[in-house]
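Secondary and tertiary structure notes
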Amino acid sequence: MTNRAGPDEPKYWVKSVARAADLLEVLATPAPGNGLSVTEVAQICGISKSAAFGTLQTLRAYGLVSDDGEGMNRRYRLGMGLARLGDRARAQVSLRGVAHPVLRELTRLTGMASRLAVPEDGHAVVVDQVELDHRVRLDLRMGQRELPHCTGLGKALLSAVPAAEAAAVIERHGLPRRTPRTITDPATFLAHLRDIARVGYALDDEEDAEGILCIGAPVRDDHGTCVGAISITGLKLGLPAWRYQELGGQVRDAAEQISTALGWAAPDQDDDTGRADRPADPPVHP
């Protein structure tokens, strides 16, 4: 691992700072309880041992690196000062502030209204939205509580929690029928949530209101916890089935963009074979 260089190097690149950032990334790799020696750090970073030692000692003075042992047995690891900075970073990040520009772009790409919701007692509460500048407007109100079993936002949120928690929400709120297409059987709905989790987005195909299509996807924070969901909503108007997959992928990508900004690290695609570019299985209607 070496400091970045070349034609893509930023104009005001500071190599010593880049070296320190590289070094912190290296120290993040060992298993818990393990550390690295100066020699190991230097070899991995591709720098001299003296440069590695000087950078380590500087970071140690700021609490960003810690060490234990003496002489050849001394090992370095990340310092707790990073935890403090991480807490401050999370406190400074606003979910709505991060999501709003992504919602604007999603609306531009899809031609549909977009919304952001957070979970509350099993429901999805809308906290932000971007509407279309059209004469025909959908009734999308801020603060509106979306049902968990028949809306894109609600299903996206439920798909991101453990099955037992989702089952508890179903038991608490039931599965009231909203349209002829609403899923009202608990076993069928739980299987539907597993499909949603696999493909990464939820489809509400006239399940909450006839003639309305909604597609949602969960948003995660740096711990992988679902902290919200985004969706697009529009009139169905004979939209072809292949378009659902395309729109679903765009919503999923937008949700992952927000999640990444919140510190979430996406799993390797190799560990999730078949998820990308697959449409959600259509709900089985009772």
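What counts and how
Residues numbered from 1 in each chain as written. Predicted model: local features only at pLDDT ≥ 70, side-chain atom pairs only at ≥ 80, totals over all residues. Heavy atoms only, no water. Pairing = 2+ DSSP bridges. Helix = DSSP H or I, 4+ residues; strand = E, 2+ residues; numbered from the N terminus. Contact = heavy atoms within 4.5 Å. Axes fitted to C-alpha atoms, helices over the stretch in contact; angles between N-to-C directions. Parallel < 35°, antiparallel > 145°, perpendicular 65-115°, else oblique. Left-handed = near helix turned anticlockwise from the far one by under 90°. Nonpolar A, V, L, I, M, F, W, Y, C, P; charged D, E, K, R; others polar. Buried < 20%, exposed > 50% of the residue type's maximum accessible area, 1.4 Å probe, protein only. Arc of directions from axis to C-beta. Salt bridge = Lys/Arg side-chain N within 4 Å of Asp/Glu carboxyl O.

**Side note on the sheet that holds strand E7 (residues 212–220)**
Spatially, six strands are ordered E5-E4-E3-E8-E7-E6 in an open sheet, and the strand pairing comes out antiparallel. Either end of the sheet is taken by a strand with one partner, and the two such strands are strand E5 (145–146) and strand E6 (202–205). Across two bridges, strand E4 (residues 123–130) lies against E5 in antiparallel orientation. For Ala-124, the partnering residue across the bridge sits in E5 and is Glu-146. Each of E6, E7 and strand E8 (226–235) touches helix H9 (residues 241–261); the most contacted strand, E7, lies at about 30° to it.

**Comments concerning the packing of helix H7 (residues 163–173) against helix H8 (residues 186–199)**
The interhelical angle for the contact between H7 and H8, taken along N-to-C directions, is 140°, at an axis separation of 11 Å. With respect to H8, the element H7 is oriented oblique. By crossing handedness, the relation of H7 to H8 is classed as right-handed. Contact residues: Ala-166, Ala-167 and Ile-170 in H7; Pro-186, Phe-189, Leu-190 and Leu-193 in H8. Split into classes, the residues belonging to the contact of H7 with H8 amount to seven nonpolar, no polar and no charged.

**Thoughts on helix H6 (residues 152–159)**
Among the eight residues that make up H6, eight are buried, leaving the element largely enclosed by the rest of the structure. Buried within H6 are the following residues: Gly-152, Leu-153, Gly-154, Lys-155, Ala-156, Leu-157, Leu-158 and Ser-159.

**Remarks on the side chain of Arg-115**
Note on placement: Arg-115 falls in strand E3 (residues 113–120). Residue classification places Arg-115 among the buried residues on the basis of a relative accessible area of 3%.

**Structural notes on the pairing of strand E1 (residues 65–68)**
Bridge count between E1 and strand E2 (residues 75–78): four bridges; the pairing is antiparallel. Of the residues in E2, the one forming a bridge with Asp-67 is Tyr-76. Where E1 folds back onto E2 in an antiparallel hairpin, the turn is made up of six residues, including Gly-69, whose phi is positive at roughly 90°.

**Describing H7**
Considered for burial, the residues of H7 that qualify are Ala-166, Val-169 and Ile-170. Buried residues along H7 cover an arc of 100° about the axis, so they all sit on one side. Those residues of H7 that are exposed and aimed more than 90 degrees away from the buried face are Ala-164 and Glu-171. Residues of H7 that are buried in the fold lie against H6 and H8. At the C-terminal side of H7, Gly-174 shows a positive phi close to 75°.

**Considering the pattern of salt bridges**
Where charged atoms from two side chains of opposite charge come close, those side chains can pair. Evaluation of the coordinates by the stated rule reveals 16 salt bridges. Asp-121 serves as the salt-bridge partner of Arg-172, at 3.4 Å between the closest nitrogen and oxygen. Taken together, the positions of Arg-172 in helix H7 and Asp-121 in the loop between E3 and E4 put the pair 51 residues apart, joining distant regions of the chain. Classification of Arg-172 by relative accessible area gives partly exposed; the value is 47%. Counted as one network, the salt bridges with shared partners bring together Arg-60, Asp-67, Glu-70 and Arg-74.

**Notes on unusual backbone geometry**
Look at Asp-121: it is not a glycine, yet its phi comes out positive at around 50°. In this structure, Glu-206 is a non-glycine residue whose phi angle is positive, near 60°. Classification of Glu-206 by relative accessible area gives buried; the value is 19%.

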